[in-house]
Amino acid sequence: MKLFMSLLLLLSFLGASGYDKLFENYKKGNYKKVCFDGKKILKGKPSSFLSLVGYACTQEDNIYILYDIVKKLKKTEADRENASYFATLILEKKLIYQFMMDGIDLSNLLMPKTDHILSRVFDKLSQKSYKLLDKSNNKIEIQDGEYRYILWNSNDLVKKVYIDEYRGDVIFKRHWFR
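We now turn to the structure provided with this report. (Residues numbered from 1 in each chain as written. Predicted model: local features only at pLDDT ≥ 70, side-chain atom pairs only at ≥ 80, totals over all residues. Heavy atoms only, no water.)

## Overview of the side chain of Thr114
Within the secondary structure, Thr114 is located in the loop between helix H6 (77-102) and helix H7 (117-126). For Thr114, a relative accessible area of 17% corresponds to the buried category. A distance of 3.2 Å separates a polar atom in the side chain of Thr114 from the backbone nitrogen of His116. A distance of 2.6 Å separates a polar atom in the side chain of Thr114 from a polar atom in the side chain of Ser119. Once residues lying within four places of it in the same chain are set aside, the contact partners of Thr114 are Tyr85, Leu89, Ser119 and Arg120. (Helix = DSSP H or I, 4+ residues; strand = E, 2+ residues; numbered from the N terminus. Buried < 20%, exposed > 50% of the residue type's maximum accessible area, 1.4 Å probe, protein only. Polar contact = N/O pair within 3.5 Å; in protein donor to acceptor, adjacent residues only side chain to side chain. Contact = heavy atoms within 4.5 Å.)

## Structural notes on the sheet that holds strand S5 (residues 170-177)
Sheet architecture is open: five strands sit in the order S1-S2-S3-S4-S5, paired in antiparallel fashion. Every interior strand has two partners, whereas the edge strands, strand S1 (131-134) and S5, have only one. Ignoring strand direction, the axes of neighbouring strands in this sheet form an average angle of 25°. Sheet topology places strand S2 (residues 139-144) next to strand S3 (residues 147-153); five bridges connect them, and they run antiparallel. Within the sheet, the bridge partner assigned to Gln143 lies in S3 and is Arg148. Packing of H6 onto the sheet brings it into contact with S2, S3, strand S4 (161-167) and S5, and relative to S3 it is tilted by some 60°. Seen against the sheet, H7 touches S2, S3, S4 and S5 and runs at an angle of roughly 100° to S2. (Pairing = 2+ DSSP bridges. Axes fitted to C-alpha atoms, helices over the stretch in contact; angles between N-to-C directions.)

## A word on the nonpolar core
Among the nonpolar cores identified, the biggest contains 42 residues, and Ile69, Ile96, Val121, Leu125, Tyr149 and Leu151 are the most heavily contacted of them. Examining the composition of this core, we find that nine residues originate from one element, H6, more than from any other. With residues up to four places along the chain from it excluded, the contact list for Ile69 reads Leu42, Leu50, Val53, Gly54 and Phe86. (Core = buried A, V, L, I, M, F, W, Y, C linked by side-chain atoms within 4.5 Å.)

## Some thoughts on the packing of helix H4 (residues 47-59) against H6
Put simply, H4 and H6 touch, their axes get as near as 11 Å, and they point 25° apart. Here H4 is positioned roughly parallel relative to H6, judged by the angle of their axes. For the element pair H4 and H6, the recorded crossing hand is left-handed. Residues Ser47, Ser51, Gly54, Tyr55 and Thr58 of H4 form the contact with H6, whose own contacting residues are Asp79, Asn82, Tyr85, Phe86 and Leu89. Of the residues belonging to the contact of H4 with H6, the class tally is four nonpolar, five polar and one charged. (Parallel < 35°, antiparallel > 145°, perpendicular 65-115°, else oblique. Left-handed = near helix turned anticlockwise from the far one by under 90°. Nonpolar A, V, L, I, M, F, W, Y, C, P; charged D, E, K, R; others polar.)

## Looking at the state of the cysteines
If you walk through the whole model with that rule in mind, you get one disulfide. Here Cys35 connects covalently by a disulfide to Cys57, the sulfurs 2.0 Å from one another. Taking the torsion about the sulfur-sulfur bond, which here is approximately 105°, the covalent link between Cys35 and Cys57 counts as right-handed. Taken together, the residues Cys35 in helix H3 (residues 31-38) and Cys57 in helix H4 connect sequence positions 22 residues apart. Judged on exposure class, the residue Cys35 and its partner Cys57 are both buried. (Disulfide = S-S within 2.5 Å.)

What follows is the structure, encoded as structure tokens:
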């Protein structure tokens, strides 16, 4: 709830500070454009701009840009809260990647819970609440209420971890991380 309130304050500030086009795209849910355009001009921007771009990028699974944003969010309580949220996603992404690639044990690790798919998947993995479907490509199934996630490794030169998000038997969204 605090994060949502912080974002509302950020949005109202951004709308009044000359970032109208970016703000309009954000309000329309065009997170891909906000992330793409915003990450090109991060230098010297106010924390409200950084948080807005960071949040848009989390919606597009563009987690790597958060490294640059986290280190700049420290002046206010809202900045630090957003930085903690982004840092949580960065760490969860890295740990899920290690789990899938190297088989590290995530049990006994507790992370803050968020609504992002990385947090939902991490939580289930750390509780060992998953089923191994195929050992050869490390395919895993996670059941989470109305959602079901299938995690698997790519065979690309630079390996990726895919998370296919299902509602019932219909794929809702494919996420990938490296």
